[in-house]
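Listed here are the chains, written in short residue letters.
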Amino acid sequence: MSETNDDYILEVRNLCRKFGSRKILTDVSFKLKRGEILIIMGGSGCGKSTLLRHIIGSLKPDSGEIFIGGQEITKLDDRGMAKVRKRFGMLFQTGALFNSLTVGDNVALPILESSDVSSSIAELVVKLKLELVGLTGFEHLKPAEISGGMKKRVGLARALALDPELLFCDEPTAGLDPVMTSVIDTLTVDLTKKLGLSAVVVTHDMTSAFRIGTQMIMLFEGRVIAQGTPEEIRNNPDPILRQFINGDADGPIPLKLSKDDYLKRLMQVE
Amino acid sequence: MLFAYAQLSLRAFAALFAPLFGGKRWRLSALFTQMVNIGVASMPTVAMANFLLGIVLAIQGAGQFQKLGATDLVASLVAFSILREIGPLITAVIVIGRSGSSITAELGTMKVAEEIEALNVMGIDPVKFLVVPRLLAMIIMMPVLTVLGEGVGLFAGWLISVTSLHLNPIFYVTNSIAAVEQKDLFTGLLKALVFGGVVGTVGCFYGIQVEGGAEGVGKATTKSVVTSLTSMLAADALLTTLIYFT
Ligand SMILES: Nc1ncnc2c1ncn2[C@@H]1O[C@H](COP(=O)(O)OP(=O)(O)OP(=O)(O)O)[C@@H](O)[C@H]1O
Ligand SMILES: [Mg+2]
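For clarity, every value in this text was computed on a predicted model and none was experimentally measured.

Caption draft 1: Main features of the interface of chain A and chain B. Contact residues are listed per partner, giving 17 residues for chain A and 14 residues for chain B. Among the residues of chain A in contact with chain B, A:Arg85, A:Phe98 and A:Glu113 are the three that bury the most area, contributing 36% of the side total. Our count for the chain A to chain B interface comes out at two salt bridges. Close ionic contact of B:Glu114 with A:Arg53 constitutes a salt bridge, the shortest N to O distance being 2.4 Å. Elements that contribute at least two residues to the side of chain A that touches chain B include exactly strand 6 (88-91) and helix 3 (103-114) of chain A.

Caption draft 2: Layout of the packing of helix 2 (residues 28-38) of chain B against helix 6 (residues 126-163) of chain B. Residues and elements named next belong to chain B. It is at 8 Å that the axes of helix 2 and helix 6 come closest, and there the two elements cross at 45 degrees. As judged from the angle between their axes, helix 2 and helix 6 are oblique. Our pair here, helix 2 against helix 6, has a crossing hand that is right-handed. On helix 6, the residues touching Ala 30, Leu 31, Gln 34, Met 35 and Ile 38 of helix 2 are Pro 133, Arg 134, Leu 136, Ala 137, Met 138, Ile 140, Met 141 and Leu 145. The class makeup of the residues in the contact of helix 2 with helix 6 is 11 nonpolar, one polar and one charged.

Caption draft 3: Geometry of the sheet that holds strand 7 (residues 166-170) of chain A. Residues and elements named next belong to chain A. The mixed open sheet is built from six strands, whose spatial order is 6-7-8-3-9-10. In this open sheet, the two edge strands, each paired with only one partner strand, are strand 6 and strand 10 (223-228). Strand-to-strand twist of the sheet, defined as the mean angle between neighbouring strand axes without regard to direction, takes the value 15 degrees. Sheet topology places strand 3 (residues 37-42) next to strand 8 (residues 198-202); four bridges connect them, and they run parallel. Following the sheet pairing, Ile 39 is matched in strand 8 by Val 201. Packed on one face of the sheet, helix 5 (residues 148-160) meets strand 6 and strand 7 and runs near 170 degrees to strand 6. Of the strands in this sheet, strand 3, strand 9 (215-220) and strand 10 touch helix 9 (residues 239-246), which is tilted by about 105 degrees from strand 9.

Caption draft 4: Structural view of the site of ligand 1. Residue and element names in this part refer to chain A. What surrounds ligand 1 is a group of 14 residues, the closest being Arg 22, Ser 44, Lys 48, Ser 49 and Thr 50. Summarising the interface, the protein chains cover 66% of the accessible area of ligand 1, which totals 640 Å² for the free molecule. Only strand 2 (22-33) and helix 1 (48-55) provide two or more residues apiece to the shell around ligand 1. Top element by residues in the shell around ligand 1 is helix 1. It accounts for three residues. Taken together, the residues of the shell around ligand 1 sort by class into three nonpolar, eight polar and three charged.

Caption draft 5: The coordination of the magnesium ion (ligand 2), seen in detail. Coordination of the magnesium ion (ligand 2) by the protein is provided by A:Ser49 (OG) and A:Gln93 (OE1), with metal-donor distances spanning 1.9 to 2.2 Å. Here A:Gln93 lies in the loop between strand 6 and helix 3 and A:Ser49 lies in helix 1, a separation of 44 residues in the sequence.

Caption draft 6: Molecular detail of the environment of A:Leu166. Residues and elements named next belong to chain A. For Leu 166, the location among the structural elements is in strand 7. Residue classification places Leu 166 among the buried positions, given a relative accessible area of 1%. Separated by 65 residues in the primary sequence, Leu 166 and Leu 101 have C-alpha atoms spaced 25 Å apart.

Caption draft 7: Quick peek at the nonpolar core. Core analysis: the largest hydrophobic core is formed by 79 residues, its most contacted members being A:Leu10, A:Phe30, A:Leu51, A:Ile55, A:Ile68, A:Phe88 and A:Phe168. If one sorts the elements of this core by residue count, helix 6 of chain B sits on top with 13 residues. Dropping the residues within four chain positions of it, A:Phe88 is found in contact with A:Ile56, A:Ile68, A:Met81, A:Pro164, A:Leu166, A:Phe168 and B:Val121.

Caption draft 8: How the structure looks around the pairing of strand 4 (residues 63-68) of chain A. Residues and elements named next belong to chain A. With five bridges joining them, strand 1 (residues 8-19) and strand 4 adopt antiparallel strand pairing. In the strand pairing of strand 4, Val 12 is matched with Ile 66. In the sheet, strand 4 pairs with strand 5 (residues 71-72) via two bridges, with the strands oriented antiparallel. When the sheet's bridge partners are listed, Ile 68 is paired in strand 5 with Gln 71. The hairpin formed by strand 4 and strand 5 contains two residues between the paired strands, and Gly 69 there has a positive phi angle of roughly 55 degrees.

Conventions used here
- Chains are numbered independently. Their residues run from 1 in the order of the written sequence.
- The naming scheme follows written order: chains are lettered A onward, ligands numbered 1 onward.
- Per-residue local features are limited, in this predicted model, to residues with pLDDT of at least 70; the limit for side-chain atom pairs, both in listing and counting, is 80 or more; totals at the level of whole chains, interfaces and linings are taken over all residues.
- By convention in this description, side-chain values take in all heavy atoms of the structure and omit both hydrogens and water.
- Whether two residues are in contact is decided by their heavy atoms, any of which lying within 4.5 Å being enough.
- Buried area adds together the accessible area that both of two parts lose upon being put together, with accessible area traced by a 1.4 Å probe.
- What makes a salt bridge here is a side-chain nitrogen of Lys or Arg within 4 Å of a carboxyl oxygen of Asp or Glu, nothing more.
- For helices the rule is a DSSP run of H or I covering at least 4 residues; for strands it is a run of E covering at least 2, with both sets numbered from the N terminus onward.
- What counts as an axis is a line fitted to C-alpha atoms, over the stretch in contact for a helix, and the angles between N-to-C directions run from 0 to 180 degrees.
- For this classification, under 35 degrees means roughly parallel, over 145 means roughly antiparallel, 65 to 115 means roughly perpendicular, and everything else is oblique.
- Here a crossing is called left-handed whenever its near helix is offset anticlockwise from the far helix by less than a right angle, and right-handed whenever the offset is clockwise.
- Ten residue types, Ala, Val, Leu, Ile, Met, Phe, Trp, Tyr, Cys and Pro, are classed as nonpolar, four, Asp, Glu, Lys and Arg, as charged, and the remainder, Gly among them, as polar.
- The criterion for strand pairing is that DSSP finds at least two bridges linking the strands in question.
- Near, as used in this document, describes a residue that has one of its heavy atoms within 4 Å of the molecule or strand being considered.
- Per-residue and other accessible areas were derived by the Shrake-Rupley procedure at a 1.4 Å probe size, with only the shown protein chains allowed to occlude residues.
- Only nitrogen, oxygen and sulfur atoms count as donors, using a 2.8 Å cut-off from the metal that widens to 3.2 Å for Na, K and Ca. Water is left out, so coordination shells may look unfilled.
- Throughout, exposure labels follow a simple rule: accessible area from a 1.4 Å probe, protein chains only, divided by the maximum for the residue type, with under 20% read as buried, over 50% as exposed, and the rest as partly exposed.
- Joining through side-chain atoms within 4.5 Å is the link that ties buried Ala, Val, Leu, Ile, Met, Phe, Trp, Tyr and Cys residues into a set, and such a set is a nonpolar core.

Written as structure tokens, this is what we have:
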């Protein structure tokens with residue numbers, strides 16, 4: 001039952017997860033081929049970050065399976081998970097930099113921890129990775145001293161520090177200007193083309209999604225409502241998907257607070 | 001809850017002693033930073049608290065002993081209670097308030113900011129990386145601070161006795177030395193060692209299990225301080241009983 005094709009670096013099967021009584025992920029399934037970039041789209045709060053957390057093994061699903069490089073990970077213990085994690089890098093939605101360390105030390109951390117390289121080699125790698133994300137010369141600043149977009153880029157440099165096979169990015173370009181967005185997009189595509197890296201990218205930015213994605217899935221209330229190549233997604237008639245891609249205010253996507261709702265809540269006496 | 005705490009403590013101590021059995025070395029720079037944070041920064045407060053308590057002990061003792069016409073006994077009272085009980089206790093109280101709470105708040109903030117999750121994803125064990133340096137620093141610095149505090153407390157007792165109670169400065173010292181045994185000194189230090197372990201593990205435990213943003217950090221810090229205080233007192237009672245009956 002756990003046979004997977006070796007062409008697939010990542011496969012998620014029938015993943016379900018509840019927080020309390022709220023269903024956050026329902027029957028999520030998809031596959032990612034080596035060297036491809038999978039885009040996960042979906043409205044705020046639909047469970048994108050939660051899905052990533054399951055894939056990186058921080059959260060365990062209620063049911064379903066996740067295969068990374070053919071290995072099932074949902075039942076692995078900490079030690080087994082640590083081994084699998086050596087193969088991937090993750091950029092967190094908030095950057096998750098260590099505030100007590102400088103930018104350079106943040107990027108150096110996974111390098112120094114994972115092997116016995118000398119600090120001068122680590123320093124060189126740090127320089128290279130920071131240059132990739134356009135942050136040469138910022139090594140000595142603390143995370144508190146750089147902007148939100150810069151933190152994202154440091155986070156990306158850190159995720160790439162160990163040359164992972166599989167890269168997870170939670171909204172890598174949120175908070176970046178259009179030029180920097182384009183730089184990061186080009187970088188992601190380059191990495192997959194030149195180094196055979198595979199990537200899973202969560203994004204709200206439709207321009208960059210269609211620019212870099214080779215596979216896309218759309219999450220809505222914890223379910224996959226559409227998946228396919230960018231071409232297929234563009235031609236998919238699903239009204240929710242259409243509204244999301246076009247960014248229309250009117251459509252089937254329910255607003256959490258419509259006007260009537262809002263008035264009702266205001267008038268409600270607890 | 002208790003199970004999770006025990007689990008973390010076991011893992012922490014295993015990682016702490018691993019270098020002695022050929023495991024990976026301690027991260028000395030992190031340990032040093034924590035020793036400064038926990039220990040050196042607490043020194044003035046610890047000294048101050050012990051100084052004041054030394055004075056209080058001497059004066060209250062003098063009040064009682066005067067009725068018996070035995071003010072000389074003040075020296076042995078001060079020496080005995082500071083070394084056995086007051087020194088380690090008040091030092092631990094100060095360290096809990098200053099450093100135990102800040103360990104919880106710091107680790108809790110890291111948890112909320114996904115930093116601990118990021119460590120896991122990078123294959124770095126947060127127990128080794130974050131808990132061990134703090135715990136080890138606690139275990140080293142608590143006895144050091146206790147010795148410092150005891151010294152200051154004894155000095156304060158001497159000072160007030162000589163200046164206000166008109167005791168002979170030399171007799172006071174010889175009386176003190178005659179009153180205490182080596183065992184008293186070691187009892188105090190053993191207590192400090194255990195308190196260090198308790199405060200370190202409890203502080204880290206509450207920090208690492210924070211959920212729910214800044215509010216969660218605040219709640220965990222309060223819980224950490226309360227739990228540290230009660231566990232420290234429980235350990236004190238237990239150790240005192242054990243030592244008394246052996
Ligand atoms: N630890 C948790 N406990 C309970 N509920 C949670 C937890 N983490 C996330 N949720 C809930 O799961 C839902 C999905 O959250 P998630 O962070 O995955 O959204 P998202 O799609 O990444 O949104 P955004 O685009 O805003 O980042 C939210 O409604 C959130 O309230
Ligand atoms: Mg998210």
